[in-house]
Amino acid sequence: MAKTATKTRTAYVCNECGGDHAKWQGQCDACGAWNSLSQIALEPEAKPAARRDGWAGKVEAPKVTALREVRHSEEARVSTGIGEFDRVLGGGLVEGAVVLVGGDPGIGKSTLLLQALAQMAGALPGLYVSGEESLAQVAGRAVRLGLPLDGLHALAETGVERILEHAAAMRPKLIVADSVQTLWSEQLTAAPGSVSQVRESAARLVRYAKETGTAVFLVGHVTKEGGIAGPRVLEHMVDAVLYFEGEAGSRFRVLRAFKNRFGAVNELGVFAMGEKGLKEVPNPSAIFLSGGSTAQPGSAVMVTREGTRPLLVEVQALVDASPLSNPRRVAVGLEGNRMAMLLAVLHRHGGIGVSDQDVFVNVVGGIRVQETAADLPVLLAVLSSLRDRPLAEKTIAFGEVGLSGEIRPVPNGEERLREAATHGFRRAIVPKGNAPKAGSYKGLEVVAVERLADALAAAE
Ligand code: TYD
Ligand code: MG
């Protein structure tokens, strides 16, 4: 008999976006990244035929069903004991959910999950699988964090088959795999850490989670270059993807839901890293301000509304004569393309050119702002730096800037104004569509602007 079954089938996946390709190619069709494809071996025993046998036999075949007749229930949720973590998860951890927690090395992923595991030990007996640290290190950290050791079980193992054997014996309701990059499966010959190993190991854990109703946290390191197998390829497989962000040197950390089958995306949880690990910051409103009391040139405060609550965030710009023929455009915490677009609008519709200037824009505190409400404050910060004149003290701004120079309203205007008023701001430059008719809001003078020129005039 021909041994066709032993022939390993291969495919190619993009390290950046996880896109699948049948053949190698230089550029990923899905996301456009270059040289990002890695070869992976597909599981040799993946036999669709076996399933068909099952359907024909005793196993009931899937059939088309009216959704109204499908029995369902609200997902049972368990609190992680950390309010900000629950918020990002959409109100607690859903049983059987697989959650990927990504972030730079050293940001605090292991700390957060160990704390959550200890808090949940009563409701969901957990197993911490450490592929990076020894058990002594894990125990040492738990002691330093002042966590109760009784309910904590750990395993230093990287082979996914053995991890699942232990899980089958111990039957935890929650598994933390730290990190997914260290896991490997005997089924594949590729080196641990390669895309195929990461993908296959994660797939095993996902299958186990779904079959047994065990919740799983996968920890993944994100590399800026995406050079080694990043957790990006896993985003499709899991129920939720959370990213842990923060600035080196800042003690604040932001956990953001990037994908969530059980809750809202872009929800933020805010933490502060301290002596005793991560502490939640339940009222983070003003922590992303630089703290200086007097207004500085190049600084603008915005009210962003990432997730379900407003946050005051400071945007800083530095505009400086460039020695380069192609001046630099650097955006930290904002999208670079968006900033380039805004500078073009500033030139065309505001009559202010910065083509001979380097422009640096930074969002204070290491937070990333993704909504378009940042457009107007970014331009005001740029203008303020260019003129070397601070904006009027206690001023906030928000608003989307369109390509024809119009200032567009953004969602939840009133809530943003309320937040600014609560924190003692006195003046708000906002889109006309977000401004109250009265021209003021709880002691806040509201300047309604329709065109970029109006906004620039209001800020001068
Ligand atoms: P860690 O959870 O190991 O990060 P990750 O798993 O994302 O790589 O956190 C490491 C950093 O956190 C390390 O630089 C030390 C710091 N840290 C504290 O400041 N306080 C603490 O109580 C702990 C446990 C860590
Ligand atoms: Mg770690």
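A quick note: this is a predicted structure, and the numbers were derived from the prediction, not measured.

Enquirer: How do you make sense of the domain arrangement of the protein when you look at a structure like this?
Expert: The extent of an interface is frequently quoted as the accessible surface area lost upon association of the parts. The domains assigned to the protein are domain 1 (9-42), domain 2 (76-282) and domain 3 (287-458). Distance from the C-alpha centre of domain 1 to the C-alpha centre of domain 2: 26 Å.

Enquirer: When you look at the packing of aromatic side chains in this model, what are you seeing that I'm missing?
Expert: Each aromatic ring pair is specified by the distance between its two centres and by the angle formed by the two planes. Under the defined criterion, the tally for this structure stands at three aromatic pairs. Between tyrosine 243 and phenylalanine 258 the ring centres are 5.6 Å apart and the planes differ by 90°, which places this aromatic pair in the edge-to-face class. In this pair, tyrosine 243 is assigned in strand 11 (residues 240-246) and phenylalanine 258 in strand 12 (residues 252-260), connecting sequence segments 15 residues apart. Above the ring of phenylalanine 425, the side-chain terminus of lysine 394 is found at 5.3 Å from the ring centroid.

Enquirer: Explanation requested: the sheet that holds strand 16 (residues 311-321) in the structure shown.
Expert: By definition, the strands of a sheet pair up through backbone hydrogen bonds, in either a parallel or an antiparallel sense. Across the sheet, which stays open at both edges, the eight strands sit in the order 17-18-16-15-19-22-24-23 with mixed pairing between neighbours. The outermost strands of the open sheet, each flanked by one partner alone, are strand 17 (329-332) and strand 23 (440-441). In the sheet, strand 17 pairs with strand 18 (residues 357-363) via four bridges, with the strands oriented parallel. When the sheet's bridge partners are listed, valine 330 is paired in strand 18 with phenylalanine 360.

Enquirer: When you look at the site of ligand 1 in this model, what are you seeing that I'm missing?
Expert: Around ligand 1 there are 15 residues in total, and Gly106, Lys109, Ser110, Thr111 and Gly274 lie nearest to it. The contact in question runs from an oxygen atom of ligand 1 to an N or O atom on the backbone of glycine 106, over 2.7 Å. Here an oxygen atom of ligand 1 and a side-chain polar atom of arginine 141 are 2.9 Å apart. The fraction of the free accessible surface of ligand 1 (550 Å²) that becomes covered by protein chains is 71%. Looking at the shell around ligand 1, the elements that each hand over two or more residues are helix 3 (109-120) and strand 13 (268-274). The biggest single contributor to the shell around ligand 1 is helix 3, with three residues.

Enquirer: For this particular structure, what's the right way to read the pattern of salt bridges?
Expert: Note on pairing: side chains with opposite charge can pair once their charged atoms come close. All chains considered together, the criterion is met by 21 salt bridges. Ionic pairing is found between glutamate 245 and arginine 256, a salt bridge with its closest N-O pair at 3.3 Å. Of the two residues, glutamate 245 is situated in strand 11 and arginine 256 in strand 12; the sequence distance between them amounts to eleven residues. The pair glutamate 245 / arginine 256 is uniform in exposure class, with both members buried. A cluster of three or more residues bridged by salt bridges with shared partners is formed by Glu84, Arg87, Glu267 and Arg309.

Enquirer: Help me out: how do you make sense of helix 5 (residues 160-170) in this one?
Expert: In an α-helix there are 3.6 residues to a turn, and that puts residues three or four apart on one side. For helix 5, the set of buried residues is Val160, Glu161, Ile163, Leu164 and Ala167. One side of helix 5 holds all its buried residues, which, seen down the axis, span an arc of 160°. Turned more than 90 degrees from where helix 5 packs its buried face, Glu165 and Ala169 sit exposed. Where the residues of helix 5 are buried, they touch strand 7 (126-130), strand 8 (152-156), strand 9 (174-178) and helix 6 (195-212). Just beyond helix 5, the residue with positive phi is arginine 171, at close to 55°.

Enquirer: Quick question: what am I supposed to make of the packing of helix 3 against helix 4 (residues 135-144) here?
Expert: Each pair of packed helices can be described by the angle between their axes along with the distance between the axes. Interaxial distance between helix 3 and helix 4 falls to 11 Å at its minimum, and their mutual angle equals 70°. Between helix 3 and helix 4, the angle is such that the two are roughly perpendicular. Between helix 3 and helix 4 lies a crossing whose hand is right-handed. The residues of helix 4 that touch helix 3, namely those facing Ser110, Thr111 and Leu114, are Val138, Arg141 and Ala142. Across the contact of helix 3 with helix 4, the residue classes break down as three nonpolar, two polar and one charged.

Definitions and limits used
- Every residue gets a number counted from 1 within its own chain, in the order that chain's sequence is written.
- To label them, take the chains in the order written and letter them from A, then take the ligands in the order written and number them from 1.
- The predicted origin of the model limits local features to residues at a pLDDT of at least 70 and limits the giving and counting of side-chain atom pairs to 80 or more, whereas totals for whole chains, interfaces and linings rest on all residues.
- Hydrogens are left out, water is left out, and the side-chain values use all remaining heavy atoms of the structure.
- Boundary definitions for the domains trace back to an automatic or database domain assignment.
- Classification of ring pairs rests on two measures: the distance between centres of Phe, Tyr or Trp rings, Trp counted by its six-membered ring, which must be within 6.5 Å, and the angle between planes, read as stacked under 30 degrees, edge-to-face over 60 and tilted in between.
- Only runs of H or I of at least four residues qualify as helices and only runs of E of at least two qualify as strands under DSSP, and these elements are numbered from the N terminus.
- By definition here, charges over rings are those cases where NZ of Lys or CZ of Arg is within 6 Å of the ring centre and within 35 degrees of the ring normal.
- Only strands that DSSP links by at least two bridges are regarded as paired with each other.
- Note on definitions. A residue lies near a molecule or strand when any single heavy atom of the residue is within 4 Å of it.
- Polar contacts, as counted here, are pairs of nitrogen or oxygen atoms within 3.5 Å of one another; within protein the pair requires one atom able to donate a hydrogen and one able to accept it, and residues that are adjacent in sequence qualify only if both atoms are side-chain atoms.
- Throughout, the Shrake-Rupley method with a 1.4 Å probe supplies accessible areas, and for residues the shown protein chains are the sole cover considered.
- We define a salt bridge as a contact between a side-chain nitrogen of Lys or Arg and a carboxyl oxygen of Asp or Glu at a distance within 4 Å.
- Residue exposure (1.4 Å probe, protein chains only): buried if accessible area is under 20% of the type maximum, exposed if over 50%, otherwise partly exposed.
- Directions from the helix axis toward the C-beta atoms define the arc.
- Throughout, a residue-residue contact means that at least one pair of heavy atoms, one from each residue, lies within 4.5 Å.
- For every element, the axis is a line fit to its C-alpha atoms; helices are fit only across the contacting stretch, and the angle between N-to-C directions ranges from 0 to 180 degrees.
- Should an angle fall under 35 degrees it is called roughly parallel, over 145 degrees roughly antiparallel, and 65 to 115 degrees roughly perpendicular, with every other angle called oblique.
- Throughout, a crossing is termed right-handed when the near helix is turned clockwise from the far one, and left-handed when it is turned anticlockwise from it by less than a right angle.
- Nonpolar residues are Ala, Val, Leu, Ile, Met, Phe, Trp, Tyr, Cys and Pro. Charged residues are Asp, Glu, Lys and Arg, and all others, Gly as well, are polar.

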